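Listed below are the residues making up each chain.
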Amino acid sequence: AQSVTQLDSQVPVFEEAPVELRCNYSSSVSVYLFWYVQYPNQGLQLLLKYLSGSTLVKGINGFEAEFNKSQTSFHLRKPSVHISDTAEYFCAVSRLNAGGTSYGKLTFGQGTILTVHP
Amino acid sequence: EAQVTQNPRYLITVTGKKLTVTCSQNMNHEYMSWYRQDPGLGLRQIYYSMNVEVTDKGDVPEGYKVSRKEKRNFPLILESPSPNQTSLYFCASSLWIGGVTSEQFFGPGTRLTVL
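Residues numbered from 1 in each chain as written. Chains lettered and ligands numbered in written order. Predicted model: local features only at pLDDT ≥ 70, side-chain atom pairs only at ≥ 80, totals over all residues. Heavy atoms only, no water.

**Q** Any details on the interface of chain A and chain B? Residues and values, ideally.
**A** With 23 residues of chain A at the interface, the matching set in chain B holds 24 residues. Taking both partners together, chain A and chain B bury about 1,700 Å²; carbon and sulfur atoms supply 53% of that area. For B:Asp59, the salt bridge is made with A:Lys105, and the minimal N-O distance between the two is 3.0 Å. The tally of links from chain A across to chain B stands at five residue pairs in polar contact (both at pLDDT 80 or more). At the level of elements, β5 (31–38), β6 (44–50), β10 (87–95) and β11 (107–108) of chain A are the ones that each hand at least two residues to the side of chain A that touches chain B. At four residues, the largest contribution of residues to the side of chain A that touches chain B is made by β5(A). Class assignment of the residues belonging to the side of chain A that touches chain B gives a composition of ten nonpolar, ten polar and three charged. (Contact = heavy atoms within 4.5 Å. Buried area = accessible area lost by both parts, 1.4 Å probe. Salt bridge = Lys/Arg side-chain N within 4 Å of Asp/Glu carboxyl O. Polar contact = N/O pair within 3.5 Å; in protein donor to acceptor, adjacent residues only side chain to side chain. Helix = DSSP H or I, 4+ residues; strand = E, 2+ residues; numbered from the N terminus. Nonpolar A, V, L, I, M, F, W, Y, C, P; charged D, E, K, R; others polar.)

See below:
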């Protein structure tokens, strides 16, 4: 089984401040990890993903995330946020089978609403 | 334009009246999936399909059916809708390379209300 917990339901922050959105996952096997963003009244858009290799992953719009296997975490960070980053952010996990490919089942966290204030 | 389309975008229906929400993609993607989004619960996967005639259950499949007879289409069927299926539904598609490795492209969503 796999599960995802996003530790903060809402994160308010001032413009140009740094931000970290926390994500922890639970899986007994290796996983793929994703962060998606949803702007108001829109579908989801991929920010970044971790499949293998370097644990620091860079994505679009200046976001990055670090995979920590020992702590089963995949926290999203941005050093300086803009008003336009106001959105809901979702962490997602897909566990891998013995052959190293994913089953296709994708589990999302509950979402974190990031609100950037001027 | 590469896209995922869903129809209808909005639907109000009554308990027990069978309905189908269509999903179509024009990107030749192998993988397609349905999610429902509810406040405080995030997105929950209903069903997914890795290719034609290959489907599997997600986390919340009860009360839903799907079929994948053609690569581009992945309809979601509610045989007997109930009020607890009132939700915002998203269809998504992606390439299937070594599993769910590629970006999923999401449709615009279908807001369903069951009275």
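**Q** Describe the layout of surface pockets, naming the residues involved and giving the relevant values.
**A** Space inside the largest pocket adds up to approximately 510 Å³. Lining the largest pocket are 25 residues, with A:Gln38, A:Asn41, B:Gln37, B:Leu88 and B:Arg111 positioned closest to its centre. Counting residues per element, the ones that place at least two in the lining of the largest pocket are β10 of chain A together with β4 (31–38), β9 (87–94) and β11 (110–114) of chain B. Looking at side-chain class alone, the lining of the largest pocket contains ten nonpolar, eleven polar and four charged residues. The wall of the second largest pocket is formed by B:Ala2, B:Gln3, B:Val4, B:Thr5, B:Gln6, B:Met27, B:Glu103, B:Phe105, B:Phe106, B:Gly107 and B:Pro108. Contributing elements (two or more residues each) for the lining of the second largest pocket: β1 (4–7) and β10 (105–106) of chain B. (1 Å grid on protein atoms, 1.4 Å probe; cavity = no way out; pocket = protein on both sides within 12 Å on 5 of 7 lines; lining within 4 Å. Points joined across faces, edges and corners; volume = space filled by probe spheres on them.)

**Q** Lay out the pairing of strand β12 (residues 112–117) of chain A with the relevant residues and their values.
**A** All names here are of chain A. Side-chain alternation along β12 places Thr-112, Leu-114 and Val-116 on a buried face and Ile-113, Thr-115 and His-117 on a face that remains uncovered. Two elements, strand β2 (residues 10–14) and β12, share five bridges in a ladder whose sense is parallel. In the strand pairing of β12, Phe-14 is matched with His-117. Note that β10 and β12 share three bridges and pair antiparallel. Residue Glu-88 lies in a different strand from β12, and its bridge partner there is Ile-113. (Buried < 20%, exposed > 50% of the residue type's maximum accessible area, 1.4 Å probe, protein only. Pairing = 2+ DSSP bridges.)

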